[in-house]
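# Report on the structure
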Amino acid sequence: QDTDKKMTEFWLISAPGEKTCQQTWEKLHAATTKHNNLSTNSKFNIPDLKVGTLDVLVGLSDELAKLDAFVEGVVKKVAQYMGDVLEDSKDKVQENLLANGGKVLIAFFRHLFPFILQGVNQIDNDLKARASAYNNLKGNLQNLERKNAGSLLTRSLADIVKKEDFVLDSEYLVTLLVVVPKLNYNDWVKQYETLAEMVVPRSSNVLFEDQDSYLCNVTLFRKAVDDFKHKAREYKFMVRDFQYNEEEMKADKEEMNRLSTDKKKQFGPLVRWLKVNFSEAFIAWIHVKALRVFVESSFLLDFLRYGLPVNFQAMLLQPNKKTMKKLREVLYDLYKHLDSSAAAIIDATMDIPGLNLSQQEYYPYVYYKIDCNLLEFK
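Residues numbered from 1 in each chain as written. Predicted model: local features only at pLDDT ≥ 70, side-chain atom pairs only at ≥ 80, totals over all residues. Heavy atoms only, no water.

Two numbers describe how helix α1 (residues 21-33) lies on helix α8 (residues 324-335): the axes approach to 10 Å, and their chain directions differ by 145°. Considering only the axes of α1 and α8, their crossing is right-handed. Across from Lys 27, Leu 28, Ala 31 and Thr 32 in α1, the residues of α8 making contact are Leu 327, Val 330, Leu 331, Leu 334 and Tyr 335. Residues belonging to the contact of α1 with α8 are distributed by class as follows: 7 nonpolar, 1 polar and 1 charged. (Axes fitted to C-alpha atoms, helices over the stretch in contact; angles between N-to-C directions. Helix = DSSP H or I, 4+ residues; strand = E, 2+ residues; numbered from the N terminus. Left-handed = near helix turned anticlockwise from the far one by under 90°. Contact = heavy atoms within 4.5 Å. Nonpolar A, V, L, I, M, F, W, Y, C, P; charged D, E, K, R; others polar.)

Attention shifts here to the confidence of the model for the protein chain. Summing up the model confidence of the protein chain, the mean pLDDT is 81 and the portion of residues at 70 or higher is 77%. Of the regions scoring below 50 in pLDDT, residues 101-110 engages in 21 contacts with residues more than four places distant in sequence or in other chains. (pLDDT = per-residue confidence, 0-100.)

With that settled, consider the nonpolar core. Grouped burial of nonpolar side chains is what soluble globular proteins tend to show. Phe 44, Val 71, Tyr 81, Leu 274 and Ile 370 are the most contacted members of the largest nonpolar core, which totals 45 residues. Considering every element that reaches this core, the biggest residue donor is helix α7 (residues 246-303), with 16 residues. Taken domain by domain, the makeup of this core includes at least three residues from each of domain 1 (1-48 + 313-377) and domain 2 (54-153 + 249-309). Ignoring anything within four residues of it in the chain, the contact list for Leu 274 reads Val 78, Tyr 81, Met 82, Val 85 and Leu 127. (Core = buried A, V, L, I, M, F, W, Y, C linked by side-chain atoms within 4.5 Å. Buried < 20%, exposed > 50% of the residue type's maximum accessible area, 1.4 Å probe, protein only. Domains from an automatic or database assignment.)

Owing to its 3.6 residues per turn, the α-helix brings residues three or four apart onto one side. In a regular helix each residue adds 1.5 Å, so 13 residues correspond to 18 Å; α1 covers 18 Å between its end C-alpha atoms and thus fits that length. Taken residue by residue, α1 has Thr 24, Trp 25, Leu 28, Ala 31 and Thr 32 as its buried positions. Looking straight down α1, one finds its buried side chains confined to an arc of 135°; they lie on one side. Where α1 is buried, its residues contact β1 (9-16), β2 (39-43), β7 (312-319) and α8. (Expected span 1.5 Å × (residues − 1). Arc of directions from axis to C-beta.)

Among all positions in helix α6 (residues 225-234), only Val 225, Phe 228 and Ala 232 are buried. Down the axis, α6 shows its buried residues gathered within 60° of arc, on one side only. The exposed residues of α6 that point more than 90 degrees off its buried face are Asp 226, Asp 227 and Glu 234. The first or second residue beyond α6 is Lys 236, which carries a positive phi of 65°.

Read across the open sheet, the 4 strands follow the order β4-β5-β3-β6; overall the sheet is antiparallel. A single partner strand is all that each edge strand has here, and the edge strands are β4 (205-209) and β6 (238-240). Strand-to-strand, the axes of this sheet are offset by a mean angle of 35°, without reference to chain direction. Here 3 bridges tie strand β3 (residues 173-181) to β6, and the two strands are oriented antiparallel to one another. (Pairing = 2+ DSSP bridges.)

The subject of this paragraph is the side chain of Glu 9. Note that Glu 9 resides in strand β1. In this structure the side chain of Glu 9 is engaged in a polar contact, spanning 2.7 Å, whose partner is the side chain of Trp 11. Residues within four places of Glu 9 in sequence aside, it is in contact with Leu 317, Gln 318, Pro 319, Met 324, Lys 369, Ile 370, Asp 371 and Cys 372. (Polar contact = N/O pair within 3.5 Å; in protein donor to acceptor, adjacent residues only side chain to side chain.)

Tracing the backbone shows Ser 279 in helix α7. In sequence terms Ser 279 and Ala 79 are 200 residues apart; their C-alpha atoms lie 10.0 Å from each other.

So, on to the pattern of salt bridges. Tallied over the entire structure, the rule returns 10 salt bridges. Across the pair Asp 68 and Arg 292 runs a salt bridge whose closest N-O atoms are separated by 2.7 Å. Note that Asp 68 is positioned in helix α2 (residues 54-86) and Arg 292 in helix α7, a separation of 224 residues in sequence. The two residues Asp 68 and Arg 292 agree in class, both being buried. The residue Lys 128 makes a salt bridge to Asp 124 at a minimum N-O spacing of 3.6 Å. Here Lys 128 and its partner Asp 124 are both found in helix α4 (residues 113-147), 4 residues apart, which amounts to about one turn of the helix. Among the ionic contacts, a cluster of salt bridges with common partners joins Asp 68, Lys 289 and Arg 292. (Salt bridge = Lys/Arg side-chain N within 4 Å of Asp/Glu carboxyl O.)

Glancing now at the side chain of Ser 203. Inspection of the secondary structure puts Ser 203 in the loop between α5 (185-191) and β4. Its relative accessible area of 12% is what places Ser 203 among the buried residues. Only 2.7 Å separates the side chain of Ser 203 from the backbone oxygen of Val 200, close enough to count as a polar contact. Setting aside residues up to four positions removed in sequence, Ser 203 forms contacts with Tyr 192, Asn 217, Val 218 and Thr 219.

It is worth spelling out the sheet that holds β2 at this point. Adjacent strands of a sheet form backbone hydrogen bonds with each other and so pair up, either parallel or antiparallel. Across the sheet, which stays open at both edges, the 4 strands sit in the order β2-β7-β1-β8 with antiparallel pairing between neighbours. Bordering the open sheet on either side are β2 and β8 (366-371), each of which pairs with just one other strand. Across the sheet, the axes of successive neighbouring strands diverge by a mean angle of 25°, strand direction being ignored. Strand direction decides the pairing type here: β1 and β8, joined by 6 bridges, are antiparallel. Its bridge partner being in β8, Phe 10 is matched across the sheet by Ile 370. Sheet strands in contact with α8 are β1, β2, β7 and β8, and its direction is about 10° off that of β1.

Set out below in structure tokens:
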């Protein structure tokens, strides 16, 4: 489809049938296509669910509004966490967020909302547990990676230095590691042997460099270390607090390798779980929308707007981005004749729980928006 023209939102609307529901569908489709294809349309078939009295409808409408918001929230959390997990591959998020094998479910509706609530609750709880475990693993790995990156003043030196860079197991001598700004390196070469007494001549070498500094070693007598550190600071030579310990360095490397391996092992199963459960949550969300359309259509058809018998056609519209205002005008012209009985209720001060009508959101047809912007990652 042309993404420049199509919106990432859908309008789920319901209108009373003409002589047949097919005629209602044909009338809407003709009206939106003759004006330069204002939207892409499809039928949204809902079975005739027997819900009973007005009180039952009002109660259902109120509960379904809450369930709708909850399920949408879970869909959004699963989608966003997919983006977090894919990290630098966010361009692949959309292809991993498909419902029902790549199709929005607009088929026969069988579920009741307590069953949906139980299933989506389980997805929400599982997501929290899986995200917590994976985030903890990723956080520990990132902390280790940060230790192995950044400035020579703060980063881990375990992957830089070698055993031969040090004088080890000496009662009198010790090797220090010094961060020398590149701008001051000539001063270092000239001065390091005289910064304190008992510095071993020609004992300094450049072991590593980053953009700003060199890491140098220098060997001296242990009893001169404090004097050397104090004098070095005056010249902006910073002595790192570092003890060469092969076992600790080996343990750090093994821990990083273990965390990296564990992250790779968990990545595939986690992405698969997110794909499957995004689909489940999204389908549940569309089921809730279907229930809401049925309940409000029945409620309004029976008691407020259109009279008996209950007869409506639900339709799914994907508006074109640049002609949304025109589409709304076309829909109003199609259905404004249905408005008379409902207008009085909106103007009055009646408070009917679960009806959820307001001046801002009211249209003469049943309307719900399915906003898929939550699936987009920049």
